[in-house]
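# Architecture and fold: a report
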Amino acid sequence: MKPIKLIKWHRFFLWVGGFTLLVFALTGITHPLMSWTGPQAVTMRPPALQLDGATLQQAMQQLNNPALPPQALVKLVPYKDKVLLQLTNSLSAERQYLTLDGSAPASDQDVAIWLASHYSGLPPEQVSSTALLTRFNNAYPSVNRLLPVYQVDYQNGLSLYIHTESLSMAGITNPYKTAVQAVFRQLHSWQWLDSTPLLKVLLMTVLLGSALLLVLSGIWLLLKLPFSARRRGLRRWHYVLSWLLALPVLLYLLTGIYHFGYKQVAATNAGLTLPAARPLPTSLNLTQPLDSNSLYNSASLVQAAGNWYWRLSEFNPQLQADRHSRFSGQQSEQGAQFLALNPAAPTLDDAQYARLLAHSFTGLAAEQLTHQQLISRFGPDYDFRNKRLPVWQFDYPDGRLFVDAVSGQLIEQQSQASRFERYSFSFVHKWGLLQPLLGREGRDMVVVGIMLLVLLIAGMGFAMRLRRK
């Protein structure tokens, strides 16, 4: 194609394609802005649990009750100066609690308020309202994944989202962060069109297609038209910046289009899945001693190959509250101990238990579950959205799965196609390739710098076109 004709096409795509680049670059800046300026927790450490053999014996006495219904998860958790038995049999309902001395138990909301005070550093007296969320909303979007959660609002405008089963803070926000987040979701992800998916696909096709053709025609012009000293002012700066931004913007658009297109046709990956609810044994006895000087996060009653064990999650005192540690990921536990409740039960470790869980969720034979490894940091395969660490990863012929030995849950199951899309989105679209070199903050600064240059070059293009008219 002749340069003159190509210039006409480039100018033609400027209006829609340039507008699209302006919107996506401007909203792209809001994402690191939320990370830099949003509210932070005062600690990321879960509250510690002090256990001894007598406490476990008291718990087992409470559980030796034939009237208790089958449960999917049974855990000992801290609450103020007490230890509570937490019972879970649904991912969508409140947790139930039993006290070890038979007194009136706390409610799930009481535990959520106590945890919110632990993570925020604010006293319970400053709580203005609480609500149980069983679905995602604008302030707590689906990227957070954990449900149900309690929204605990404070008088100063701070809101925490507490997931009581994992004793974790699933999210933290304030009116400022919620507003910035809404801009990103509505104008970058275009979620205001989710109720009309066909219209969303058509509109996004026009917008992204125009932007891609604008960039491709611009790259072709760069290759066809040599540098000329006659270019002055905006034309010269537009030409120079085009060489600098051509490849980054092209990759940004291609991976964005791939991400959007894949979401329209891909099957949903399996997400959080509870183990099957099981009747609790009617006779439980602790057969191994417990070191009473150790601190724990929780103690889970688990079943493996027909035998019952207490799985003790060892407290990790190295957890940090800074932003870098939070987004990179930290192990919530230093390790795990398994105490058998049957003297004839074989010894069990976390790797064996995780493999049994993976088999129960997939039905695959042991030789089909390969490359088992403990994941202690977030990455492109298992990212920050999942919240939980550590987890165990397994590969199988058609994909990959992650199981949480702390609760016995399937956290996520991915296909091979979804893994490839994740690499594209994490490494290229979100510039994850730079993170090992520059760190998260350095990468975010580069992204913001590139987006500002995209705004500048798009503005130059509009200015030159309007001047010509």
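In what follows, the structure referred to is the one given above.
In this text the structure is predicted, and so the values were computed from the model without any measurement.

### Brief notes about the sheet that holds strand 14 (residues 399-404)
Strand pairing in a sheet relies on backbone hydrogen bonds, with the paired strands running either antiparallel or parallel. A sheet is described by the order of its strands in space; here four strands give the open sequence 12-13-14-15, paired in antiparallel fashion. Lying at the two open borders of the sheet, with one neighbouring strand each, are strand 12 (370-375) and strand 15 (409-415). The sheet shows a mean angle of 20 degrees between the axes of neighbouring strands, taken without regard to direction. Bridge count between strand 13 (residues 391-396) and strand 14: five bridges; the pairing is antiparallel. Opposite Phe-394, over in strand 14, you have Leu-401 as the bridge partner.

### As for the packing of aromatic side chains
Considering all chains together, one arrives at 14 aromatic pairs under this definition. Between Tyr-309 and Phe-338, the ring centres sit 6.4 Å apart and the planes meet at 85 degrees, which makes this aromatic pair edge-to-face. In this pair, Tyr-309 is assigned in strand 10 (residues 307-315) and Phe-338 in strand 11 (residues 333-340), connecting sequence segments 29 residues apart. In this structure Tyr-309 comes out as buried when scored by relative accessible area, which is 2%. Clustering of aromatic rings is evident, with ring pairs tying together Phe-136, Tyr-140 and Tyr-161.

### Some words on the packing of helix 5 (residues 197-224) against helix 6 (residues 234-265)
The contact between helix 5 and helix 6 brings their axes to 9 Å, and the two run at 150 degrees. With respect to helix 6, the element helix 5 is oriented roughly antiparallel. Classified by chirality, the crossing of helix 6 by helix 5 is left-handed. Between helix 5 and helix 6, the contacting residues are Lys-200, Val-201, Met-204, Leu-208, Ala-211, Leu-212, Val-215, Leu-216, Ile-219, Leu-222 and Leu-223 on the first element and Tyr-239, Ser-242, Trp-243, Ala-246, Val-249, Leu-250, Leu-253, Leu-254, Ile-257, Phe-260 and Gln-264 on the second.

### With respect to the environment of Met-445
By the secondary structure assignment, Met-445 is in helix 10 (residues 435-468). We classify Met-445 as exposed; its relative accessible area is 57%. Sequence-wise, Met-445 and Leu-33 are 412 residues apart; in three dimensions their C-alpha atoms are separated by 9.8 Å.

How each quantity is defined
Residues numbered from 1 in each chain as written. Predicted model: local features only at pLDDT ≥ 70, side-chain atom pairs only at ≥ 80, totals over all residues. Heavy atoms only, no water. Pairing = 2+ DSSP bridges. Helix = DSSP H or I, 4+ residues; strand = E, 2+ residues; numbered from the N terminus. Axes fitted to C-alpha atoms, helices over the stretch in contact; angles between N-to-C directions. Phe/Tyr/Trp six-rings, centres within 6.5 Å; stacked < 30°, edge-to-face > 60°. Buried < 20%, exposed > 50% of the residue type's maximum accessible area, 1.4 Å probe, protein only. Parallel < 35°, antiparallel > 145°, perpendicular 65-115°, else oblique. Left-handed = near helix turned anticlockwise from the far one by under 90°. Contact = heavy atoms within 4.5 Å.

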